[in-house]
Amino acid sequence: MRVLVTGGAGFIGSVTGRALRLAGHEIAILDDFSTGHDWACIGKQIFRADLRDRAGLDAAFGAFRPEAVMHFAAKAVVPESVANPGLYYDVNVVGSLRLLEAMRLVGCRKIVFSSSAAVYGTPEKSPIDEQAPQHPINPYGRTKKHFEEVLEDVRPADGLAYASLRYFNACGAAPEWHLGEIREPETHLLPIVIRATMKNQPFTVCGTDYETRDGTCVRDYVDVRDLADAHVRALERLRPGQGAAYNLGSELGTTVREVVAAVGKVLGKPVPFRDGPRRAGDPATLVASCAKARAELGWTPRRPLEESIRSVVEFLQSRGG
Ligand code: UDP
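Reading the values: the criteria
Residues numbered from 1 in each chain as written. Predicted model: local features only at pLDDT ≥ 70, side-chain atom pairs only at ≥ 80, totals over all residues. Heavy atoms only, no water. Buried < 20%, exposed > 50% of the residue type's maximum accessible area, 1.4 Å probe, protein only. Helix = DSSP H or I, 4+ residues; strand = E, 2+ residues; numbered from the N terminus. Pairing = 2+ DSSP bridges. Right-handed = clockwise from strand over helix to strand, strands pointing away. Core = buried A, V, L, I, M, F, W, Y, C linked by side-chain atoms within 4.5 Å. Near = heavy atom within 4 Å. Polar contact = N/O pair within 3.5 Å; in protein donor to acceptor, adjacent residues only side chain to side chain. Areas by Shrake-Rupley, 256 points an atom, 1.4 Å probe, with all protein chains shown as cover. Nonpolar A, V, L, I, M, F, W, Y, C, P; charged D, E, K, R; others polar.

A. View of the pairing of strand S5 (residues 110-116). Within S5, 6 of the 7 residues are buried, which leaves the element mostly enclosed by the surrounding structure. Strand direction decides the pairing type here: strand S4 (residues 68-71) and S5, joined by 3 bridges, are parallel. Within S5, the position partnered with Val 69 by the bridge is Ile 111. Bridge count for S5 against strand S6 (residues 161-167) is 7 bridges, and the pairing is parallel. Following the sheet pairing, Lys 110 is matched in S6 by Ala 161. For the crossover from S5 across helix H5 (residues 139-158) to S6, the handedness is right-handed.

B. Main features of the nonpolar core. Formed by 49 residues in total, the largest nonpolar core has its most connected members in Ile 12, Leu 20, Met 70, Leu 165, Leu 235, Leu 248 and Trp 299. Where this core is concerned, the elements lending two or more residues are strand S1 (2-6), helix H1 (11-22), strand S2 (26-31), S4, S6, helix H7 (224-236), strand S11 (243-248) and helix H9 (291-297). Residue contributions to this core peak at 7 residues, all from H7.

C. Main features of the site of the ligand. In the vicinity of the ligand there are 15 residues, among which Leu 189, Thr 204, Arg 219, Arg 279 and Asp 282 approach most closely. Separating an oxygen atom of the ligand from a side-chain N or O atom of Asn 169 is a distance of 3.0 Å. Leu 189 is positioned such that a nitrogen or oxygen atom in its backbone is 2.7 Å from an oxygen atom of the ligand. Burial of the ligand by the surrounding chains reaches 85%, relative to a free accessible area of 520 Å². Elements with a minimum of two residues in the shell around the ligand: helix H6 (189-199) and strand S8 (203-206). Residues belonging to the shell around the ligand are distributed by class as follows: 8 nonpolar, 4 polar and 3 charged.

Structure below.
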């Protein structure tokens, strides 16, 4: 299939682009390079465009004529979404609507959408399945929920086929492809802990008084290569006029302290940290049930946290630490 990967210069988009190529698909990348990287792009078909720029989108769609879109491009930093919600609605909702219009113009009727566990907000029970109530607690999560709803409305009206993939905590790297997460400033726990240990600069544990087994937040860390595999499976199973949402996680809950211990074990040295106050808007526990993705996509999360940690270390070392 010819697949246009929006956000293909970013972390999950770039790894999925490689996985798509390995699975025999032809890809082109559309990215505004606001947070993506040239070095993460493969292939010659790279379109530099903002999602909100219809002329840029139409040029890409006209030149590449995709049969499907994988839509990763988005603003995705929760505190930034609280500080600047208008920007998040503009890029994640308005930009995504423009993308749908551009798809419609060339008869492209398949989309795999990067959604998030943030659509659930603070869950009432754990693990979380796709039927759980959705009460996002920040603008980022609300923009993802909104666009999921757009897809579900457009589906019957337009014969659209979609899969909304709700990621839990994406982590890891693909050092074999020289791909991984580089963000300044880094906000995600795993790369923060690994960098802190490699550079011997303490990081802060955000909250130690949660109702969890050791007082720190429990999250579900899922390897980016497992996520890429789920995307390829979801794409290949899209059927006209059908749509579904899937949780993608490891189904294992890991506390911040357990992440610290795992990183210390892999690197063979103590992790420097200090305990700090809670971060605003952090639910105590977020763990996925992926029964639906297992049953309908034939997907299984395979890579344990230690393997993800090793892959990040290898990737960062290959880039000079
Ligand atoms: N966290 C932390 N210190 C940091 C960054 C994150 O203790 O410097 C915690 C954060 O409070 C949360 C967990 O690590 O409980 C995962 O945070 P991350 O930002 O990676 O992902 P989120 O679950 O917020 O999407």
